[in-house]
Amino acid sequence: MKSIPVVAAAWMAFLLLASLSATAQTISVDASHPTNHFVPKETLGSGVDRIAVEAIDKDLLQPTLDKTLASGWQPVTYRQNTELAIEAWHWNPQGTWSERSDAGDAGRGKGYFTGSAEPTEMIRYSYGYALPRRGTTRNDGTDNVGFSRLTDGDVNTFWKSNPYLTQHFTGESDALHPQWVVIDMAQVQQIDSIRIAWGEPYARRYAVQYWTGEDPIKAVTRGVWQTFSQGTALDGKGRTETMRLSGAPTAVRFVRIWMTESSNTCVDSQKAVDSQRAVDSHNKDARDCVGYAIRELYLGTTTPDGAFHDISRHTADQEQTTTYSSSVDPWHEPSNLGSTKQAQVGFDLFFTSGVTRGLPAMMPVAMLYDTPDNAAAEIAYLKKRGYPISYIEMGEEADGQYMLPEDYAALYLQWATAIHRVDPSLKLGGPSFQGVNKDIEVWPDANGKVSWTGRFIDYLKQHGRINDLAFFSFEHYPFDPCRTPWGMLYDEPELVRHIMQVWHDDGVPPDMPMFITEGNLSSGASETYQDIFAGLWLADYIGSFLNSGGKGVYFFHFLPLQMEPGCNSSPGTFGMFTIDANYQIQQPLAQFFTAQLINLEWAQPDGGEHQVFAAKSDVDDGAEHELVTAYAVKRPDGKWALMAVNRDQQNAHRVRIEFSAPVGQTSFTGSVEVSTFGSAQYQWHPPQTRFMAHAENSGGATIVPTSKGSADPDGPIVHTKQIVDKNTMYDLPAASVVVIRGNIGAAK
């Protein structure tokens, strides 16, 4: 007879096993049909942007380059950053200007620049040139030093719209591409008059309007543009016009000039302002004679004595009264060369350094602030060099430059025509949207349609040119770098799935490849990037994008960078490594290890087509948050790989893995390889900081770092092998990414 303690212990063990069986946690893989397929060397890539020249000189050398490539990312997309700064891009420093110098040398002129398509010396760097005819004070890109010529206090400077948006180049009425400028008075003001110092060409037909909502730039559907009662001009004469807009002052903040018919008279920047007139036939360039030009804008009131009182601020910096413009003429001069401390990597260095691994690269053309001739010359240069190209991305973040979709589409078709003359086989796409989580909306068209993507697709279809769009591209920066609580991890898979569905709902054909050509947690530096949080997020981001049907995804930023202080002036990073002042890698960060799991363990890096299958866990927190997500692939080597992300910050979970298919349940069987990276392998320790008070009477304080942050432990990934069957429970440590790889067989 057994003793009572032994019987009790056995009974308790039985109850425990029964309890575990009743509450077993499971990851289920739907192996009946794939949701997508991809080839790693075409799909899992990275991006290289404009960076400090010092970084170019050191990041593309050994041993830094090899350490970077060890992350496993394969194809590269070359990011085109000058568009974000409202600059023209001299991708080749050598080229010709449309207006020759007095000595007759086309290489020393001004106007519209076309890079040389003939390879000569190696291109190591390329730069952007500021546009002297700009009308936007600041944009949603990286531009924080330029300013608008509309309120710069100088009537000898002027804004001019993009000539490629006029009938001369589009072949359709200028009324179909209205050009506009918006004035932001910063607060509601009493307005009844406007003074416009027109340049050449000027608007014959235009309307002056005010916004009835809060912000027509940030909230485009929460208000309407209302034309002032006396704000319509049907026969504008140019020169300087003072228009009484209403009988009594109106309380407004935003004012828009909406231009629909040009005088088509020619720019002559040398002519005195008080004697503006059409330029004689000595000016042969049609681009100088189409569109609209405004030298200065003044907004205010007119008193009973007829005196105009301006309340705008006119200054040549970003403190001016803010203005926005529909487009900018890419005319410029050699003196407009911006900073040379940062540069786009020269094409020859880019393709010969090893950063592309010899794979075809996605290359950009500047489009918003450039010319089709320059784009075509760029493609001709790349072809003559024999550099492999996978895709051409057209322009950069048109939505962040406030460009209406019909204008972007009109440029797109002109550039597509020019590029396809060089190589009809090239695959073109865009628009390279900013990282957004919802549909991009613009002021409604005549039919009330506000979707940017919908109207862009409509334009291509109406012109019989939808086939010129070979892929649809966008960026993904879902979070505010300064506000990323742990719970935001739960949102990522749905954010990716949702935005891709939005684009399809807007009319992007279901079979059109979608690319995230730039993406990460957020667009700004933050300590969040250094935490294990960033690694878990990256696994969900890549897995959910591929599971949703994505064609290609590019990690950003790939090369090690020195970053400006991030949130609250504390040090931050934006990538896979910390580096010292000499750009030498100090240690890898969480995203580096997760990248290795994705590229080297989950995917077969040298393999062909992978099939993606939907997977789901029943591990949740009771509040409909899926604590464990999973992504399954069948690899070319015949093995299955499951990437499981345990987003539970505190608790490990044990799960059973099932594969369901028409033939019945299956499971991993035999020997499997398990690769684990989580909070046990990586812990980030933030830098120590202290508060430094500002000077007397200035108020506030600044957070000053007193030591550098570091990770300890800092990897490596743990690799183990197990013999498994249908009853095997797999350990998912707290805050971890685990890849399980092996063969599957029928469950017995």
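What you see is a predicted model, and the numbers here were worked out from it, not measured in a lab. Within each chain, residues carry numbers counting from 1 in the order of the written sequence. In keeping with the predicted nature of the model, local features appear solely for residues at pLDDT of at least 70, side-chain atom pairs appear and are counted solely at 80 or more, and the whole-chain, interface and lining totals rest on all residues. Heavy atoms from the whole structure form the basis of all side-chain values; hydrogens and water molecules are not counted.

### Comments concerning the overall build of the protein
This is how the line gets drawn: Helix and strand definitions follow DSSP, with helices as H or I runs of at least four residues and strands as E runs of at least two, each counted in order from the N terminus. Remark: exposure states derive from per-residue accessible area (1.4 Å probe, protein chains only) relative to the maximum for the residue type, with buried under 20%, exposed over 50%, and partly exposed in between. Throughout, a contact is declared for two residues whenever any of their heavy atoms are within 4.5 Å. Areas reported as accessible are Shrake-Rupley estimates using a 1.4 Å probe. Residue values count occlusion only from the protein chains shown.
When you go through the protein residue by residue, the secondary structure sums to twelve helices and 41 strands. For the protein, with 748 residues in total, the buried portion stands at 57%. Partitioning the contacts of the protein with sequence separation of at least 6, the portion at a separation of at least 24 is 79%. Approximately 30,000 Å² of the protein is accessible, and the part contributed by carbon and sulfur atoms is 50%.

### Quick notes on the sheet that holds strand β4 (residues 51–52)
So the rule is basically this: One requirement defines pairing of two strands: DSSP has to find at least two bridges between them.
Pairing is antiparallel in the open sheet, where four strands are placed in the order β4-β20-β9-β6. On the outer flanks of this sheet lie β4 and β6 (87–90), each paired with one strand and no other. As paired strands, strand β9 (residues 125–130) and strand β20 (residues 342–345) are joined by two bridges and run antiparallel to one another. In the strand pairing of β20, serine 126 is matched with glutamine 344.

### Some words on the sheet that holds strand β14 (residues 225–233)
So the rule is basically this: Whenever a helix is involved, its axis is fitted only over the stretch in contact; in every case the axis is a line through C-alpha atoms, and angles between N-to-C directions fall within 0 to 180 degrees.
Taken in spatial order, the five strands make up an open sheet running β14-β13-β16-β11-β19, and their pairing is antiparallel. Where the open sheet ends on each side, the last strands, each with one partner, are β14 and β19 (322–325). The mean angle between the axes of side-by-side strands here comes to 25°, regardless of whether they run parallel or antiparallel. Relative to strand β16 (residues 250–262), strand β13 (residues 203–211) runs antiparallel, the two sharing seven bridges. Bridging across to β16, alanine 203 finds its partner in serine 262.

### What to know about the state of the cysteines
Here a disulfide denotes a covalent bond joining the sulfur atom of one cysteine to the sulfur atom of another. For clarity, the threshold we go by: We call a pair of cysteine sulfur atoms a disulfide whenever their separation is within 2.5 Å.
A complete count under the given rule lists one disulfide for this structure. A sulfur-sulfur distance of 1.9 Å marks the disulfide that ties cysteine 266 to cysteine 289. Classification of the bridge connecting cysteine 266 and cysteine 289 rests on its S-S torsion, roughly 105°, and on that basis the disulfide is right-handed. Of the two residues, cysteine 266 sits in the loop between β16 and β17 (293–302) while cysteine 289 sits in the loop between β16 and β17, which places them 23 residues apart along the sequence. The exposure class of cysteine 266 is buried, given its relative accessible area of 11%. In this structure cysteine 289 comes out as buried when scored by relative accessible area, which is 10%.

### Things to note about the layout of surface pockets
Where we set the bar: Using a 1 Å grid laid over the protein atoms alone, points where a 1.4 Å probe fits but cannot get out form a cavity; open sets with protein on both sides within 12 Å along at least 5 of 7 lines form a pocket; any residue with an atom within 4 Å of a point counts as lining. Grid points are joined across faces, edges and corners, and a volume is the space filled by probe spheres set on the points. By the convention adopted, Pro, Cys, Tyr, Trp, Phe, Met, Ile, Leu, Val and Ala count as nonpolar, Lys, Arg, Asp and Glu as charged, and the other residues, Gly among them, as polar.
Estimated volume of the second largest pocket: approximately 560 Å³. What lines the second largest pocket is a set of 25 residues, among which Leu176, Glu406, Asp445, Ala446 and Arg455 lie closest to the centre. When residues of the lining of the second largest pocket are traced back to their parent elements, those giving at least two are β16, α8 (405–422) and α9 (452–462). Broken down by element, the lining of the second largest pocket gets its largest block of residues, four residues, from α9. The residue makeup of the lining of the second largest pocket, split by class, is twelve nonpolar, five polar and eight charged.

### Things to note about the packing of aromatic side chains
Counted only if it meets this: Aromatic rings from Phe, Tyr and Trp, taking only the six-membered ring of Trp, are treated as a pair when their centres fall within 6.5 Å; an angle between ring planes under 30 degrees marks them as stacked, one over 60 as edge-to-face, and anything in between as tilted. In this scheme, the term charge over a ring applies when either NZ of a lysine or CZ of an arginine sits within 6 Å of the ring centre and within 35 degrees of the ring normal.
By the definition in use, this model includes 42 aromatic pairs. Note on phenylalanine 351 and tyrosine 387: the rings are 4.5 Å apart at their centroids and 5° apart in plane angle, and the pair reads as stacked. Pair noted here: phenylalanine 351 is in helix α6 (residues 347–352) and tyrosine 387 is in the loop between α7 (372–385) and β22 (389–394), with a separation of 36 residues, a long-range link. With respect to burial, phenylalanine 351 and tyrosine 387 carry one shared label: buried. Counting every residue linked through ring pairs, the aromatic cluster contains Tyr78, Trp89, Trp91, Phe347, Phe350, Phe351, Tyr381 and Tyr387. Here the basic side chain of arginine 149 rests over the ring of phenylalanine 147, its NZ or CZ set 4.2 Å away from the ring centre. Positioned above the aromatic ring of tryptophan 443, the side-chain terminus of arginine 256 is 4.8 Å from the ring centre.

### Some details on unusual backbone geometry
Aspartate 712 connects to proline 713 through a cis peptide bond whose omega is 0°. Structurally, proline 713 can be placed in strand β38 (residues 710–714). Put simply, glycine 715 and proline 716 share a cis peptide bond, and its omega is 0°. Looking at the secondary structure, you find proline 716 in the loop between β38 and β39 (718–724). Residue arginine 357 is not a glycine yet carries a positive backbone phi of 60°. Despite not being glycine, tyrosine 583 shows a phi value in the positive range, around 65°. In this fold, tyrosine 583 is placed in the loop between β27 (577–579) and β28 (585–588). Overall, the relative accessible area of 5% leaves tyrosine 583 in the buried class.

### Quick look at the pairing of strand β25 (residues 514–519)
The criterion, for reference: When the strands point away from the viewer, a crossover counts as right-handed if the path from the first strand over the helix to the second runs clockwise.
Burial analysis of β25 places six of its six residues in the buried class, the great majority of the element. Handedness of the crossover is the feature at issue here: the chain leaves strand β24 (residues 471–476), passes through helix α10 (residues 492–505), returns alongside β25, and the resulting connection is right-handed. Read as a crossover between parallel neighbours, the route from β25 over helix α11 (residues 532–547) to strand β26 (residues 552–555) is right-handed.

### Description of the pattern of salt bridges
Quick note on the threshold: Any carboxyl oxygen of Asp or Glu that lies within 4 Å of a side-chain nitrogen of Lys or Arg is treated as forming a salt bridge with it.
Using the criterion set out here, one finds 31 salt bridges in the structure. Linking glutamate 118 and lysine 384 is a salt bridge whose minimum nitrogen-to-oxygen distance equals 2.3 Å. With glutamate 118 in the loop between β8 (110–115) and β9 and lysine 384 in helix α7, this pair connects stretches of sequence that are 266 residues apart. Looking at glutamate 118, the relative accessible area reads 44%, which means it is partly exposed. Looking at lysine 384, the relative accessible area reads 45%, which means it is partly exposed. Here arginine 635 and aspartate 637 are joined by a salt bridge, their closest N and O atoms 2.7 Å apart. For aspartate 637, a relative accessible area of 37% translates into the label partly exposed. Ionic contacts of the salt-bridge type, sharing partners, join the residues Arg79, Glu393, Glu396, Glu475 and Glu518 into one network.

### Things to note about the nonpolar core
We apply this condition: Working definition of a nonpolar core: buried Ala, Val, Leu, Ile, Met, Phe, Trp, Tyr and Cys residues. They are joined through side-chain atoms within 4.5 Å.
Counting residues in hydrophobic clusters, the biggest one holds 172 residues, and the most contacted among them are Met394 and Trp503. Take this core: its biggest share by element is eleven residues, from α11. Setting aside chain neighbours within four positions, we find tryptophan 503 in contact with Phe433, Val436, Lys438, Asp439, Ile440, Thr453, Phe472, Phe474, Val508 and Met514. Core analysis: the next-biggest nonpolar cluster, separate from the first, contains 26 residues, Leu150, Ile194, Ile196 and Val255 among them.

### Details of the packing of α7 against α8
Going by this rule: Throughout, the term roughly parallel applies to angles under 35 degrees, roughly antiparallel to angles over 145, roughly perpendicular to angles from 65 to 115, and oblique to all others. The crossing is said to be left-handed when, going from far helix to near helix, the turn is anticlockwise and less than a right angle, and right-handed when the turn is clockwise.
Between α7 and α8, the shortest axis-to-axis distance is 9 Å and the interhelical angle comes to 30°. Our classification of the angle between α7 and α8 gives roughly parallel. Between α7 and α8 lies a crossing of right-handed hand. Facing Pro372, Ala375, Ala376, Ile379, Ala380 and Lys383 of α7, the residues of α8 in contact are Gln414, Trp415, Ala418, Ile419 and Val422. Residues belonging to the contact of α7 with α8 are distributed by class as follows: nine nonpolar, one polar and one charged.

### Regarding the confidence of the model for the protein
As a reminder of what qualifies: pLDDT expresses, on a scale from 0 to 100, how confident the predictor is about each individual residue.
Per-chain confidence: the protein averages 91 in pLDDT, with 89% of residues scoring 70 or above. Every residue in residues 1–22 is under pLDDT 50, and counting partners more than four places away or in other chains gives one contact.

### Quick word on the environment of lysine 634
Its place among the elements puts lysine 634 in strand β31 (residues 628–634). Overall, lysine 634 belongs to the partly exposed group, its relative accessible area being 32%. Here the alpha-carbon distance between lysine 634 and valine 612, two residues 22 residues apart in the chain, equals 6.6 Å.

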